[in-house]
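Chain by chain, the residues run as shown.
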Amino acid sequence: MSELVTSQLINKVLHISFHREDKKNALTSEMYDALSATLKSAKANDEVNVVLFKGSEGCFSAGNDIADFLKQPVLEEGSPVLKFLHELTNFDKPMVAAVSGPAVGIGTTLLLHCDLVYATDQTYFSLPFVDLGLCPEAGSSYLLTRQIGYVRAAELLLLAEPFDAAKAKELGIINDVVAVDKYYEVAQNKAEKLASKPAHALRVSRQLLRSNSGLVSKAIEREARSFSSLLTSDEAKAIFKKFLEK
Ligand SMILES: C/C=C/C(=O)SCCNC(=O)CCNC(=O)[C@H](O)C(C)(C)COP(=O)(O)OP(=O)(O)OC[C@H]1O[C@@H](n2cnc3c(N)ncnc32)[C@H](O)[C@@H]1OP(=O)(O)O
């Protein structure tokens, strides 16, 4: 287990936290590997009924580490991100998220794989792929269209304007906006409520709700091919360098 991703089992809920606070919990290969290993063992562990994702120090995640975009083929076949997305898509127990502060890029698209999401009035979401010279990932081109409809999905993914939790709730991306001192408790209570239900029925019901996982996997593969080719474009590299020089 990486120190950058920790997990703790409480009342059949596995709390998974990001801990790279100095970089706004931007996700690195090491963190994706830790997340994959955690989900894999949670899937096999009968003591885990539900997973709860959270950030730390008022930040959910600033998305993929931008320095890594210049160093490695982030979404190539067999990469840590793709392995993590595979575990996420094939995870068959409910996932809950408690989100405050920035949730950028995969910090937002990860939430589309969750079943219950609670945010705060300090949460802001952002899908900046096009502005980075990239394209949607994590199945978001499919999941978002399905979840909120084409018109609204296109607005979020193409215009790429950040949006707050009130807008996310109105769009149907999150379940509720909760006061910042209560959101984690609310998410934990909901996760424990789920975890106390008949485990097999819960798992089967979740699988039925996510019975489109084959289409999600196809979208992830399609996106990964485009993302990988855009990642090495001069346009994208100049944007990454500008961010890192800031
Ligand atoms: C396959 C997945 C794809 C994706 O996820 S694409 C999305 C990639 N992510 C982004 O484009 C977000 C980039 N980050 C930001 O825009 C901003 O940050 C925030 C809005 C999240 C927060 O802004 P603020 O509160 O002003 O913090 P700060 O001073 O920008 O960041 C603190 C330190 O964290 C580093 N950092 C933040 N995000 C990333 C990142 N995504 N990759 C690498 N480093 C990051 C900064 O550089 C800085 O570092 P230092 O203190 O050393 O200057």
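Residues numbered from 1 in each chain as written. Predicted model: local features only at pLDDT ≥ 70, side-chain atom pairs only at ≥ 80, totals over all residues. Heavy atoms only, no water.

- An unreviewed UniProt entry lists the protein chain under the name Enoyl-CoA hydratase, with Kangiella spongicola given as the organism.
- The UniProt entry for the protein chain carries the following text under Subcellular location (unreviewed entry): "Peroxisome". (UniProt positions renumbered as here; feature names shortened; annotations may be inferred.)

**Considering the layout of surface pockets**
For step 1, the next point in the chain: Approximately 640 Å³ is the volume found for the largest pocket.
For step 2, the next point in the chain: Forming the boundary of the largest pocket are 32 residues, of which Ala62, Asn64, Ile66, Val104 and Phe243 lie nearest the centre.
For step 3, the next point in the chain: Contributing elements (two or more residues each) for the lining of the largest pocket: helix H2 (66-71), helix H3 (80-89), strand E5 (102-104), strand E7 (124-126) and helix H11 (234-245).
For step 4, the next point in the chain: Broken down by element, the lining of the largest pocket gets its largest block of residues, 3 residues, from H2. (1 Å grid on protein atoms, 1.4 Å probe; cavity = no way out; pocket = protein on both sides within 12 Å on 5 of 7 lines; lining within 4 Å. Points joined across faces, edges and corners; volume = space filled by probe spheres on them. Helix = DSSP H or I, 4+ residues; strand = E, 2+ residues; numbered from the N terminus.)

**As for the packing of aromatic side chains**
For step 1, the next point in the chain: The final tally for this structure, using the stated rule, is 6 aromatic pairs.
For step 2, the next point in the chain: Both rings, one in Phe18 and one in Phe60, keep their centres 5.3 Å apart while their planes meet at 75 degrees; by these two values the pair is edge-to-face. Remark: Phe60 occurs in the loop between strand E3 (50-54) and H2 and Phe18 occurs in strand E2 (residues 13-18); sequence separation between them is 42 residues.
For step 3, the next point in the chain: Each ring, one from Tyr32 and one from Phe84, has its centre 5.9 Å from the other, and the planes form 35 degrees; the classification is tilted. You can see Tyr32 sitting in helix H1 (residues 29-44) and its partner Phe84 sitting in helix H3, a full 52 residues away along the chain. The same class applies to Tyr32 as to Phe84, namely buried.
For step 4, the next point in the chain: Among the aromatic residues, those joined into a ring-pair cluster are Phe18, Phe53 and Phe60.
For step 5, the next point in the chain: It is Lys54 that lies over the ring of Tyr184; its NZ or CZ is 5.2 Å from the centre. (Phe/Tyr/Trp six-rings, centres within 6.5 Å; stacked < 30°, edge-to-face > 60°. Buried < 20%, exposed > 50% of the residue type's maximum accessible area, 1.4 Å probe, protein only. Lys NZ or Arg CZ within 6 Å of the ring centre and 35° of its normal.)

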